[in-house]
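What follows is the residue order along each chain.
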Amino acid sequence: ADRELWGSREADFSKARKRLERKPLSVARTKGSEILFGIAPCSLALSQSRRDLFRLFLKQSSGSRRLVMSEFVLQATARGVPVHHVKRRELDALCRGGVHQGVCLEATPLRFKSLEEAEKPDLGDEESPNRQLIWLVLEQIQDPMNLGALLRSAYFLGVDRVVTSQRNSCPLTPTVSKASSGVMEVFDVYSTDDLRSFLKAKTAEGWEVVGTVSKPEDVENVPVISCLEFRWNKPVIIVIGSEGDGLSLETQLLCHRMLAVPAGRALHPGIESLNVSVATGILLHSICSQKLRHGD
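Residues numbered from 1 in each chain as written. Predicted model: local features only at pLDDT ≥ 70, side-chain atom pairs only at ≥ 80, totals over all residues. Heavy atoms only, no water.

As annotated in an unreviewed UniProt entry, the protein carries the name rRNA methyltransferase 1, mitochondrial and is attributed to Sagittarius serpentarius. UniProt, in the comment section headed Subcellular location (unreviewed entry), describes the protein in these words: "Mitochondrion". (UniProt positions renumbered as here; feature names shortened; annotations may be inferred.)

Caption draft 1: Focus on the side chain of K202. Topologically, K202 is positioned in helix α8 (residues 195-204). Look at K202 and you get buried, because its relative accessible area is 4%. Within the structure, K202 has its side chain in polar contact with the side chain of E205 (distance 2.9 Å). (Helix = DSSP H or I, 4+ residues; strand = E, 2+ residues; numbered from the N terminus. Buried < 20%, exposed > 50% of the residue type's maximum accessible area, 1.4 Å probe, protein only. Polar contact = N/O pair within 3.5 Å; in protein donor to acceptor, adjacent residues only side chain to side chain.)

Caption draft 2: Focus on a nonpolar patch on the surface. Taken together, L274, V278 and I282 make up a surface patch of nonpolar side chains, about 230 Å² in accessible area. On the secondary structure map, I282 appears in helix α10 (residues 276-295). (Patch = residues over 30% accessible without salt bridge, like charges linked within 9 Å, V, L, I, M, F, W, Y side chains within 5 Å. Areas by Shrake-Rupley, 256 points an atom, 1.4 Å probe, with all protein chains shown as cover. Salt bridge = Lys/Arg side-chain N within 4 Å of Asp/Glu carboxyl O.)

Caption draft 3: The pairing of strand β4 (residues 103-107), seen in detail. With 5 of 5 residues buried, β4 is to be regarded as a mostly interior element. The alternating pattern of β4 places V103, L105 and A107 and C104 and E106 on opposite faces, both of which are buried. Of the pairings in the sheet, the one linking strand β1 (residues 34-37) to β4 comprises 4 bridges and is antiparallel in character. Across the sheet, the residue bridging to E34 is A107, located in β4. By the bridge criterion, 5 bridges tie strand β2 (residues 53-59) to β4 in an arrangement that is antiparallel. Bridging across to β4, L58 finds its partner in V103. (Pairing = 2+ DSSP bridges.)

Caption draft 4: Summary view of unusual backbone geometry. Its identity as a non-glycine residue notwithstanding, Q101 has a phi of 55°, on the positive side. Structurally, Q101 is set in the loop between α4 (88-94) and β4. Take Q101: its relative accessible area is 28%, and that puts it in the partly exposed class. Although it is not a glycine, S181 sits at a positive phi angle of roughly 55°.

Caption draft 5: Examining the sheet that holds strand β8 (residues 189-192) more closely. Here 8 strands make up an open sheet; going across it, the order is β5-β8-β7-β6-β11-β9-β12-β10 and the pairing parallel. The sheet is open, and its two edges are formed by β5 (113-114) and β10 (224-226), each paired on a single side. Inspection of the sheet shows β5 paired to β8 by 2 bridges, in the parallel sense. The partner of K113 across the bridge, within β8, is Y190.

Caption draft 6: Representation of helix α6 (residues 144-157) within the structure. Its 14 residues place the ends of α6 20 Å apart at the C-alpha level, agreeing with the 20 Å of an ideal helix rising 1.5 Å per residue. Restricting attention to buried positions, one finds in α6 the residues N146, L147, G148, L150, L151, A154 and L157. For α6, the side-chain oxygen to backbone nitrogen distance between the N-cap and M145 is 2.7 Å, and the N-cap itself is D143. A positive phi of about 100° marks G158, the residue just after α6. (Expected span 1.5 Å × (residues − 1).)

Written out as structure tokens, the structure is:
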């Protein structure tokens with residue numbers, strides 16, 4: 001009798017294990033689509049008309065987020081987007097383990113805008129030389145988490161435009177949108193395939209090009225100052241390099257000045273710099289706060 005009881009229990013355990021190990025249902029994706037995930041990216045994508053939207057996936061019985069989920073249903077219905085209520089494991093599979101907060105949205109990808117598309121709106125700005133414009137230029141930022149955080153800071157602090165180098169740069173992926181807390185869905189990002197020519201052209205138009213550096217001793221032939229000392233009275237471009245390599249030498253030599261964030265203590269060997277998005281947030285706050293004061 002004991003052997004029979006043990007056998008039946010073992011069979012029950014085996015069935016339970018198989019249920020747990022069962023693979024999530026595969027969802028046939030629309031060709032060329034991607035899966036946005038997270039509350040802010042999905043909500044902002046639904047509120048804009050920048051993407052084609054195919055399907056919204058919501059977690060079943062979301063408990064404390066029920067009100068948020070009902071808002072999503074209203075948003076999707078208004079846009080004519082079908083809503084599917086699915087299990088958590090289906091959402092996990094859709095966004096490949098990203099932090100989806102119970103929401104995924106199937107949509108077309110966002111692309112960088114070309115600078116040619118942006119020239120006309122600027123004509124009014126250029127006619128008022130006293131207006132303080134600030135553009136952020138990103139050279140070879142490859143980490144999607146850093147790119148998203150950079151966009152979030154730039155938008156919050158009042159940067160007028162973000163431009164990336166096309167070569168060796170991260171595309172505008174769902175991970176970037178999540179890291180930007182959805183800013184990518186409302187803030188245009190431009191790109192150029194010739195960063196050097198772009199910087200030379202802006203210099204010729206009267207802009208100041210300012211680079212950034214974590215170790216001032218690494219820079220030659222360009223003056224380096226603390227971001228706290230920087231003052232500006234004409235349109236400015238802040239150029240940020242990748243986390244590991246910083247700005248390329250060719251780009252450094254096109255900068256009028258280089259900015260550094262001063263450390264608050266003597267640093268332990270091996271700890272020499274900030275994360276690129278954190279450093280950029282500090283620099284932008286220091287520079288954009290002057291813009292606000294001058295506007296008063």
